[in-house]
Each structure stands twice: as structure tokens, then as C-alpha cells.
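# Descriptive analysis of the structure
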Amino acid sequence: MPSFANPFQGNVNKKLSKEELIQAVRLDIAGELEAIFMYDAHVQATDDPIAKKVIADIRDEEKAHVGELMTLLKILDPAEAAHFAEGEAEVREMLEAIGAAVPSGGEEAAARAPQTGRSR
Ligand SMILES: [Fe+2]
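We now turn to the structure provided with this report. All figures in this text were calculated on a predicted structure; none of them were measured in a lab.

### What about the overall build of the protein?
Helix and strand counts for the protein stand at 4 helices and 0 strands. Computed over the C-alpha atoms, the radius of gyration of the protein is 18 Å, more than 25% above the 14 Å expected from 2.2 N^0.38 for a compact globule of 120 residues. When the backbone C-alpha atoms are referred to their principal axes, the protein occupies close to 50 × 45 × 20 Å. The long-range fraction of contacts in the protein, counting pairs at least 24 apart against all pairs at least 6 apart in sequence, stands at 55%. Total accessible area on the protein is roughly 9,200 Å²; 61% of this is exposed by carbon and sulfur atoms.

### Topic: the coordination of the iron ion
Taken together, the protein ligands of the iron ion are Glu32 (OE), Glu32 (OE), Glu62 (OE) and His65 (ND1), with distances of 1.9 to 2.6 Å. Around the iron ion, the 4 donor atoms sit at angles spanning 54 to 127 degrees, and that spread fits a shape best called irregular. Written as a sequence motif, the donor residues of the iron ion are E-x29-E-x2-H. Residue glutamate 32 is located in helix H1 (residues 18-44), and its partner glutamate 62 is located in helix H2 (residues 49-76); the two are separated by 30 residues in the primary sequence.

### A word on the packing of H2 against helix H3 (residues 78-97)
Packing of H2 against H3 leaves a shortest axis separation of 5 Å and a crossing angle of 120 degrees. The orientation of H2 with respect to H3, classified from their angle, is oblique. Contacts between H2 and H3 involve Met70, Leu73, Lys74, Ile75 and Leu76 from the first element and Pro78, Glu80, Ala81 and Phe84 from the second. Of the residues contributing to the contact of H2 with H3, the split by class is 7 nonpolar, no polar and 2 charged.

### What about the pattern of salt bridges?
When the charged atoms of two side chains with opposite charge come close together, those side chains can pair. All told, the structure shown has 7 salt bridges when counted by the stated rule. A salt bridge links glutamate 20 to lysine 14, with the nearest nitrogen and oxygen atoms 2.5 Å apart. Residue glutamate 88 is joined to arginine 92 by a salt bridge in which the shortest nitrogen-to-oxygen separation is 3.0 Å. With glutamate 88 and arginine 92 both in helix H3, this residue pair falls 4 residues apart, about one helical turn. On the basis of relative accessible area, glutamate 88 is assigned to the partly exposed category, the value being 43%. In this structure, a network of salt bridges that share partners links the residues Asp40, Arg59, Asp60 and Lys63.

### Considering the environment of glycine 31
Along the chain, the position of glycine 31 falls in helix H1. A residue is classified by how much of its surface remains accessible, and glycine 31, at 35% relative accessible area, is partly exposed. For the pair glycine 31 and glutamate 62, spaced 31 residues apart in sequence, the C-alpha to C-alpha distance is 9.5 Å.

### Examining a nonpolar patch on the surface
Side chains of Val12, Leu16 and Leu21 sit close together on the surface and give an oily, nonpolar patch of about 240 Å² of accessible area. Checked against the element boundaries, valine 12 lands in the segment before H1.

### A look at H2
Over its 28 residues, H2 runs 41 Å from end to end, which matches the ideal 40 Å to within 8%, given 1.5 Å per residue. Among the residues making up H2, those that are buried are Ala56, Arg59, Asp60, Glu61, Glu62, His65, Val66, Leu69, Leu73 and Leu76. Capping of H2 at its N-terminal end is provided by aspartate 48; its side-chain oxygen lies 3.0 Å from the backbone amide nitrogen of isoleucine 50.

Rules and cut-offs
Residues numbered from 1 in each chain as written. Predicted model: local features only at pLDDT ≥ 70, side-chain atom pairs only at ≥ 80, totals over all residues. Heavy atoms only, no water. Helix = DSSP H or I, 4+ residues; strand = E, 2+ residues; numbered from the N terminus. Rg over C-alpha atoms; globule rule 2.2 N^0.38 Å. Contact = heavy atoms within 4.5 Å. Areas by Shrake-Rupley, 256 points an atom, 1.4 Å probe, with all protein chains shown as cover. Donors = N, O, S within 2.8 Å, 3.2 Å for Na, K, Ca; no water. Tetrahedral: all angles 85-135°; square planar, octahedral: opposite > 155°, others 65-115°. Axes fitted to C-alpha atoms, helices over the stretch in contact; angles between N-to-C directions. Parallel < 35°, antiparallel > 145°, perpendicular 65-115°, else oblique. Nonpolar A, V, L, I, M, F, W, Y, C, P; charged D, E, K, R; others polar. Salt bridge = Lys/Arg side-chain N within 4 Å of Asp/Glu carboxyl O. Buried < 20%, exposed > 50% of the residue type's maximum accessible area, 1.4 Å probe, protein only. Patch = residues over 30% accessible without salt bridge, like charges linked within 9 Å, V, L, I, M, F, W, Y side chains within 5 Å. Expected span 1.5 Å × (residues − 1). Polar contact = N/O pair within 3.5 Å; in protein donor to acceptor, adjacent residues only side chain to side chain.

Here is the structure:
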């Protein structure tokens with residue numbers, strides 16, 4: 001949740017080390033996930049069709065931000081990226097073992113995603 005009481009809360013008086021930057025990106029990802037949760041809760045909590053459409057669009061933009069930040073994290077920390085790949089491979093093996101469809105990733109998944117506005 002936002003904490004506006006301290007306007008300097010997020011400020012740091014130095015440049016981040018590589019390790020600190022990686023931690024900051026992890027925190028940014030957590031913030032995006034929290035935003036998705038909150039926007040989705042608001043979509044579910046209203047029957048106003050315009051509010052549902054606008055807030056759902058914003059929620060989906062946050063999902064794209066998670067993808068951007070995850071990509072950045074993988075670039076900044078290739079060892080962590082290897083752990084992500086290991087987990088993905090484990091799930092793919094489980095899906096194959098039960099004969100379930102194995103989802104494609106990356107650009108194919110992006111092509112299937114609904115178009116949302118850009119938030120910059
Ligand atoms: Fe975002």
C-alpha cells in the first residue's frame with residue numbers, strides 16, 4: 001500500500017551497487033504484483049462497466065511491467081535466471097508427464113496477450 005506520509009521514503013542518497021539494484025528490482029516486481037492484486041480486487045468489486053474496463057486495462061499493464069522487470073532481473077542476475085529456468089523446466093516436465101499441454105513462452109505468449117494501452 002502507498003505510504004505518502006514520508007515523501008522521502010523511497011529516496012536513497014547514493015547510487016545502488018549491482019546487488020542493491022537487483023534487490024530493488026525484486027521489490028519493484030513485488031510492487032507490481034501487489035498492484036495487480038489490488039486492481040483485480042477492484043474490478044471484481046464493482047459492476048460499473050466503465051470502471052471495470054479502465055481498471056482491468058491498468059491491471060493488465062501492470063502485468064506487462066512484471067514481464068519487463070523479470071526480463072531486467074534475468075539480465076542483471078543470470079544465476080537467478082538459471083533458477084527461474086530450472087523451475088520452468090520442472091513444471092514443463094510435470095505437464096508432459098500427465099499429458100497436459102505445455103504452454104509456449106516468450107514472444108508467442110506476448111502475441112496471444114490482449115492489447116493493452118502503454119503506460120509510460
Ligand atoms: Fe506498473
